[in-house]
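Chain by chain, the residues:
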Amino acid sequence: CLEEISSEVGEGVVRVVMGHTPQSKINSALQNKAWRIDVGASKGVMNGTPEVLEIIHCGGENGEDIINILTVEGERIPAVERQ
């Protein structure tokens, strides 16, 4: 999947973030390489609770990206909890 996207948009694609497929919460697939971020927050869709996907590029101790989900309750949920 990511190989096909890389061929379309250029080399170096490490993840894809998708919307327009409402989920009950932000979650990932393909070992955190595909993120579904549409939480259906609109009253006309699911009236879901807003969440934000936070990606800190090269923010880790070894230069890896840090990925968290931020909630309206002020939580910062590590990506590994939403696989």
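Data block above holds the structure.
Residues numbered from 1 in each chain as written. Predicted model: local features only at pLDDT ≥ 70, side-chain atom pairs only at ≥ 80, totals over all residues. Heavy atoms only, no water.

1. A short note on the overall build of the chain
Phase 1: Broken down by element type, the chain carries one helix and six strands.
Phase 2: Listing the helices and strands of the chain from first to last along the sequence gives α-β-β-β-β-β-β.
Phase 3: On the principal axes, the C-alpha backbone points of the chain span a range of 40 × 30 × 15 Å.
Phase 4: The proportion of buried residues among the 83 residues of the chain is 29%.
Phase 5: By sequence separation, contacts in the chain at least 24 residues apart represent 20% of the contacts at least 6 residues apart.
Phase 6: Accessible area of the chain: about 5,700 Å², with a carbon and sulfur share of 51%. (Helix = DSSP H or I, 4+ residues; strand = E, 2+ residues; numbered from the N terminus. Buried < 20%, exposed > 50% of the residue type's maximum accessible area, 1.4 Å probe, protein only. Contact = heavy atoms within 4.5 Å. Areas by Shrake-Rupley, 256 points an atom, 1.4 Å probe, with all protein chains shown as cover.)

2. Re unusual backbone geometry
Phase 1: A positive phi angle, close to 55 degrees, is found at leucine 30, a residue other than glycine.
Phase 2: Along the chain, leucine 30 turns up in the loop between strand S2 (27–29) and strand S3 (34–36).
Phase 3: On the accessibility criterion, leucine 30 (49% relative accessible area) is partly exposed.
Phase 4: With a phi angle near 55 degrees, glutamine 31 is a residue other than glycine that sits in the positive phi range.
Phase 5: With respect to the helices and strands, glutamine 31 occurs in the loop between S2 and S3.

Taken by themselves, the reported measurements are silent on function.
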